[in-house]
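The chain contents come next:
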Amino acid sequence: MSTSEARRAVEAVWRIDSARIVGALTRYTGDFSLAEDLAQEALAEALVSWSVNGLPAEPTGWLLTAGRRRAIDAFRRRAARDERYSLLARDLDDALPGVDALFNPDAIDDDVLALMFISCHPVLSRESRIALTLKVVGGLTTDQIAKAFFVPVPTIQARITRAKKALAAAEVRFAVPEGQELAERLGSVLQVVYLIFTEGSYASTGDEWMRRDLASEALRLARILSRLEPEPEVFGLVALMELTAARFPARLDAHNVPVLLEHQDRRLWDQSAIRRGRAALAHATAAGAQRGLGAYSLQASIAECHAVARSVAETDWPRIVVLYEALCTLTPSPVVELARAVAVAMASGPADGLVLVEAIAASGALAGSQMLPAIRGELLSRLGRRDEARAAFRNAIDLCGNDVERADLERKLEVVSRPE
């Protein structure tokens, strides 16, 4: 293989199996930070070896073997006759040539799950959880993560370094939590995956309205999680993301201009994604029948209402209002209240929706977000209160950090500023 071919092969294997490799090495060494370093060293070794000897029959097993050998070297340097080193060396001698004994699919699944729980540990900040999850579970490079969130590479590197130190200081075990701790920690994992998806669906900064690569990565992580930990809310999150992603093909026109739900060509919606989403939601609903729907399942139910409707006019808006009311009770937040206000406006008219929006504004919630003035401007415009609508759109433009969304708000301001 040429050097470039070897690099592409290494990148492909790492992209697919990075979580398995790091997870297995973490289980093997008991040191998460060391395991990632060993994996990177194994990749560097593969670039040289594969270009000379060609692609091995078991690329992932080869990387695991290389990482384990380097682990042995590290333990040897720490203590020549350490008992742990002896056990590792003996296992290595017993392994079949070219096939790593670590490469056990059942164990590796457990390793990936444990790795997700470590990356999303509550001891870490939200930013660190996201960066670490994308790095060690998603297999993204530091540069890719930095570009995704429009921050400097050193910032992402610092977040990952701080995360590793925090995990080490807290002596976080490499294991899947059990019982009540599992339920509590699972929520953190789901939150991180959904935050990644949300940033991909509605990029907060930059010159793109959506980051489909980021959203796709989050959906991939959710699918992995649903196979490893088939809890109702995991399927609820998968359903929500599938049904939301189904609308991606219709959210931008040929000129990269955002298209609102009411103007989208529903024939462009991904029907396969809708079917997958509805199937996941049915699974979540059946599995959680006794407990009731969780927050992600409720949001997925709302997304399903849109997915099955042939038009905005035929959408079951009263049911969506009820679902948002249930969501507000379960997880109260001004963002959910704002979404409920929009649903009320569609079900009962813009005047009723505006009452709720004004109440949110009066509370001071979402003061720094463009969402509230943007929606307020839309409702005021529909009510013919053009002067107030213009002021609201100007406020939204000032607060908006996304170039594409800002351009869309400027177009709305232009429309409402035209002479009647």
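Please read these numbers as outputs of a predicted model, since none were measured by experiment. (Residues numbered from 1 in each chain as written. Predicted model: local features only at pLDDT ≥ 70, side-chain atom pairs only at ≥ 80, totals over all residues. Heavy atoms only, no water.)

Asks: Is there a simple way to explain the overall build of the protein in this structure?
Replies: Summing up its helical and strand segments, the protein has 19 helices and 0 strands in all. Reported as C-alpha extents along the three principal axes, the dimensions of the protein are approximately 85 × 50 × 40 Å. Taken over 420 residues, the protein has a buried fraction of 49%. Relative to all contacts within the protein whose residues are 6 or more apart in sequence, the contacts with residues 24 or more apart total 63%. Total accessible area computed for the protein in this model is approximately 20100 Å², and 52% of it derives from carbon and sulfur atoms. Put simply, the protein has 50 plus and 56 minus side-chain charges, and the middle of one group is 2 Å from the middle of the other. (Helix = DSSP H or I, 4+ residues; strand = E, 2+ residues; numbered from the N terminus. Buried < 20%, exposed > 50% of the residue type's maximum accessible area, 1.4 Å probe, protein only. Contact = heavy atoms within 4.5 Å. Areas by Shrake-Rupley, 256 points an atom, 1.4 Å probe, with all protein chains shown as cover. Lys, Arg positive; Asp, Glu negative; His and termini not counted. Charge placed at Lys NZ, Arg CZ, Asp CG, Glu CD.)

Asks: Explanation requested: helix 19 (residues 403-417) in the structure shown.
Replies: What sets the pattern is the α-helix's 3.6 residues per turn: residues three or four places apart point alike. The end-to-end C-alpha separation of helix 19 is 21 Å, in line with the 21 Å expected for 15 residues at 1.5 Å each. Residues of helix 19 that are buried include every one of Val404, Glu405, Asp408, Leu409, Leu413 and Val416, and no others. Contact partners of the buried residues in helix 19: helix 17 (371-382) and helix 18 (386-399). The distance from a side-chain oxygen at the start of helix 19 to the backbone nitrogen of Val404 is 3.0 Å, and the residue carrying that oxygen is Asn402. (Expected span 1.5 Å × (residues − 1). Polar contact = N/O pair within 3.5 Å; in protein donor to acceptor, adjacent residues only side chain to side chain.)

Asks: Would you explain the nonpolar core in this entry?
Replies: One broad trend across soluble globular proteins is that nonpolar side chains are buried collectively. Ranked by internal contacts, the top residues of the largest apolar core, which has 88 residues, are Phe32, Trp50, Leu63, Leu132, Leu134, Leu225 and Met241. The greatest single-element share of this core, amounting to 10 residues, is contributed by helix 1 (residues 3-29). Setting aside residues up to four positions removed in sequence, Leu225 forms contacts with Leu113, Met116, Leu186, Val189, Leu190, Pro230 and Val234. Counting residues in each nonpolar core, the second largest holds 20 residues, with Ala345, Leu372, Ile397 and Val416 among its members. (Core = buried A, V, L, I, M, F, W, Y, C linked by side-chain atoms within 4.5 Å.)

Asks: So what exactly am I meant to see when it comes to the environment of Asp111 here?
Replies: Relative to the elements of secondary structure, Asp111 occurs in helix 5 (residues 105-119). Taking the relative accessible area as the measure of exposure, Asp111 reaches 2% and is therefore buried. Considered as a pair, Asp111 and Arg390 are 279 residues apart in the sequence and their alpha carbons are 54 Å apart. For Asp111, the residues in contact, after removing those within four places along its chain, are Gly23, Ala24, Arg27 and Phe174.

Asks: What is the right way to read the state of the cysteines from this model?
Replies: Put plainly, a disulfide is one covalent bond tying together the sulfur atoms of two cysteines. Taken as a whole, this structure holds 0 disulfides when the rule is applied. Cys328 takes part in no disulfide bond, and the closest cysteine sulfur, belonging to Cys305, lies 15 Å away. Exposure remark for Cys328: the relative accessible area of 11% places this residue in the buried category. (Disulfide = S-S within 2.5 Å.)

Asks: Please clarify how the packing of aromatic side chains should be interpreted in this entry.
Replies: Each aromatic ring pair is summarised here by two numbers: the centre-to-centre distance and the angle between the ring planes. Here the structure, examined in full by the defined rule, presents 4 aromatic pairs. With a centroid separation of 5.5 Å and an interplanar angle of 70°, the aromatic rings of Trp50 and Trp62 are classed as edge-to-face. One end of the pair, Trp50, is in helix 2 (residues 32-53); the other, Trp62, is in helix 3 (residues 59-78), with 12 residues separating them in the sequence. With a centroid separation of 5.6 Å and an interplanar angle of 75°, the aromatic rings of Tyr194 and Tyr296 are classed as edge-to-face. With Tyr194 in helix 9 (residues 179-201) and Tyr296 in helix 13 (residues 295-308), this residue pair connects regions lying 102 residues apart in the sequence. Take Tyr296: its relative accessible area is 13%, and that puts it in the buried class. (Phe/Tyr/Trp six-rings, centres within 6.5 Å; stacked < 30°, edge-to-face > 60°.)

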